[in-house]
Amino acid sequence: MRLNHFHFELPDQLIARQPTADRRGSRLLAMDTEGDIQHQNFADILGHINSGDLLVFNNTKVIPARIFGKKETGGSVEILIERITGNKTALAHIRASKSPKAGATLLLDQGFSAQMLGRVDSLFELEFSAPLLGMLDDIGHMPLPPYIDRSDTEEDKSRYQTVYAQQLGAVAAPTAGLHFDDQMLADIKAKGAEVAFVTLHVGAGTFQPVRVDNILDHKMHSEWLQVSDQVCQQVRDTKASGGRVIAVGTTSVRCLETAARSGEIVPFEGDTDIFIYPGYQFNVVDALLTNFHLSESTLLMLVSAFSGYQSIMRAYREAVAERYRFFSYGDAMFLINNSNAAKDIPQ
């Protein structure tokens, strides 16, 4: 499979740079296993959820992970925390005219500072002058994705965060969940569906481009996740009673499918580098709610594996023609797992 198999043209004006006026104000493209498409509003998601279904949400919470400062020589520095490793330590991406060397001190706002301890692959290991989470609350900025080419605002502090976010650690939002408000969660339960929560701390690697022509040569980034015994039991009970497991977002898919790599779902805590592309056989997930993903991205490959390559690429072309809004603050898709998708591999 070649990278260009997953390319599509997207007009710049279809990139959603602002959230909708309210969370449920997006559109919804619903596609069945035959590839038939319905154009709906997001509130219509309730019509796709049945009594006995289980919706699995990622309850990670985005930290204000972007920090600005200067090197001791005066040059500007932008730090994006990738992973918190201790009370005052983290691995981070650094943008500067020249990368800081081990031992260098970075001067941050409000008198805070960070010392560069060393490199871990492409990341920088930093030790901060104060407890990290408290410092980020004081000087950190919400880490909007690179395609939202504007400064973050006060509105982003709430809108680039799900209403059910609990576990601090993500540097990018699980964006399919941004569409849900508290009333919609209550409506889902009123339909007789259940909800479950997994945790995957989304890293900046989710935006990492695939730089190889043969996608099988791609080295997948790693992210920390947790799937509890309770969630595993909810999945088993749902399957046993004939209900469906509906993943809210590709991060929930990565959680569930990582925990079920043996073929049976079991509790899991740790890093995952699972790479899902056409040909993959899903063990847990029956339906998926997701936003539209970047051209040539691993997430586009994941949804192609789920619903079939030809069906997804056709749906994306139709979404562009119908002027859907794309990416984190954009519109959503509801997809059903196509049992024949594993045979639909681009040639």
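Residues numbered from 1 in each chain as written. Predicted model: local features only at pLDDT ≥ 70, side-chain atom pairs only at ≥ 80, totals over all residues. Heavy atoms only, no water.

A. Representation of unusual backbone geometry. The phi dihedral of Asp121 falls on the positive side, at around 55 degrees, and the residue is not glycine. Position of Asp121 among the secondary structure elements: in the loop between strand 9 (113–120) and strand 10 (123–128). The phi dihedral of Arg323 is positive, around 60 degrees, even though this residue is not glycine. Checked against the element boundaries, Arg323 lands in the loop between helix 7 (309–321) and strand 17 (332–336). (Helix = DSSP H or I, 4+ residues; strand = E, 2+ residues; numbered from the N terminus.)

B. Layout of the sheet that holds strand 7 (residues 89–96). Strand order around the closed barrel formed by six strands is 5-6-7-10-9-8, with antiparallel pairing between neighbours. Averaged over all adjacent pairs, the angle separating strand axes in this sheet is 45 degrees, with direction ignored. Inspection of the sheet shows strand 6 (residues 76–84) paired to strand 7 by seven bridges, in the antiparallel sense. In the sheet register, Ile84 faces strand 7, and the bridge partner there is Ala90. Along the sheet, helix 1 (residues 132–139) makes contact with strand 5 (66–71), strand 6, strand 7, strand 8 (105–108) and strand 10, crossing strand 5 at roughly 90 degrees. (Pairing = 2+ DSSP bridges. Axes fitted to C-alpha atoms, helices over the stretch in contact; angles between N-to-C directions. Contact = heavy atoms within 4.5 Å.)

C. Local environment of the packing of helix 5 (residues 250–259) against helix 6 (residues 298–307). Direction vectors running N to C along helix 5 and helix 6 enclose 65 degrees, while the axes themselves pass 11 Å from each other. Relative to helix 6, the element helix 5 lies roughly perpendicular. When you trace helix 5 past helix 6, the crossing you get is left-handed. On the side of helix 5, the interface is formed by Thr250, Val253 and Arg254, while helix 6 contributes Leu299, Leu302 and Val303. In the contact of helix 5 with helix 6, the residues fall into four nonpolar, one polar and one charged. (Parallel < 35°, antiparallel > 145°, perpendicular 65-115°, else oblique. Left-handed = near helix turned anticlockwise from the far one by under 90°. Nonpolar A, V, L, I, M, F, W, Y, C, P; charged D, E, K, R; others polar.)

D. Here's a closer look at the packing of aromatic side chains. The full count for this structure, using the stated rule, is 19 aromatic pairs. Ring geometry for Phe8 against Phe326: centres 5.9 Å apart, planes inclined by 40 degrees, an arrangement best described as tilted. In this pair, Phe8 is assigned in the segment before strand 1 (27–31) and Phe326 in the loop between helix 7 and strand 17, connecting sequence segments 318 residues apart. The structure contains a cluster of three or more aromatic residues connected by ring pairs, namely Phe8, Tyr147, Phe207, Phe292, Tyr316, Tyr324, Phe326 and Phe327. The ring of Tyr324 has Arg27 sitting right over it, with the charged end atom 3.9 Å from the ring centre. Its guanidinium or amino end placed over the ring of Phe124, Arg119 lies 4.1 Å from that ring's centre, counting from NZ or CZ. (Phe/Tyr/Trp six-rings, centres within 6.5 Å; stacked < 30°, edge-to-face > 60°. Lys NZ or Arg CZ within 6 Å of the ring centre and 35° of its normal.)

E. How the structure looks around the sheet that holds strand 3 (residues 54–58). Reading across from one edge, 2-1-17-16-14-3-12-13-15 is the order of the nine strands in this open sheet, with mixed pairing throughout. Each edge of the open sheet carries a strand with a single partner, namely strand 2 (37–41) and strand 15 (268–272). Direction aside, the axes of adjacent strands within the sheet are offset by 20 degrees on average. Where helix 7 meets the sheet, it contacts strand 1, strand 2, strand 16 (287–291) and strand 17, and its direction lies at approximately 150 degrees from that of strand 1.

F. Up close: the nonpolar core. Core analysis: the biggest nonpolar cluster contains 68 residues, and Tyr160, Leu256, Tyr316 and Phe326 have the highest contact counts within it. Top contributing element to this core by residue count: helix 7, with seven residues. Ignoring any residue separated from it by four or fewer positions in sequence, one finds Tyr160 in contact with Val62, Met142, Pro143, Leu144, Pro145, Ala172, Ala173, Leu178, Phe207, Ser328 and Tyr329. With 25 residues, the next largest nonpolar core counts Ile67, Val77, Ile81 and Leu136 among its residues. (Core = buried A, V, L, I, M, F, W, Y, C linked by side-chain atoms within 4.5 Å. Buried < 20%, exposed > 50% of the residue type's maximum accessible area, 1.4 Å probe, protein only.)

G. A look at the pairing of strand 13 (residues 223–227). The two faces of strand 13 differ: Glu223, Leu225 and Val227 on one face are buried, but Trp224 and Gln226 on the other face are not. Pairing of strand 12 (residues 194–200) with strand 13, which is carried by two bridges, proceeds in the antiparallel orientation. Bridge assignment links Leu200 to a residue of strand 13, and that residue is Leu225. Summarising the sheet, strand 13 and strand 15 pair through five bridges and their orientation is antiparallel. What sits directly across from Val227, in strand 15, is Phe268.

H. Representation of the pattern of salt bridges within the structure. Within the structure shown, the criterion is met by twelve salt bridges. Salt-bridge contacts for Asp271 lead to Arg83; the nearest nitrogen and oxygen are separated by 3.1 Å. Taken together, the residues span a long stretch of sequence, with Asp271 in strand 15 and Arg83 in strand 6 at a distance of 188 residues. Residue classification places Asp271 among the partly exposed residues on the basis of a relative accessible area of 41%. Between Asp286 and Lys239 there is a salt bridge, with its nearest N and O atoms 2.9 Å apart. Of this pair, Asp286 sits in the loop between strand 15 and strand 16 while Lys239 sits in helix 4 (residues 229–240); the two residues are 47 residues apart in sequence, bridging distant segments of the chain. A relative accessible area of 34% means that Lys239 is categorised as partly exposed. (Salt bridge = Lys/Arg side-chain N within 4 Å of Asp/Glu carboxyl O.)

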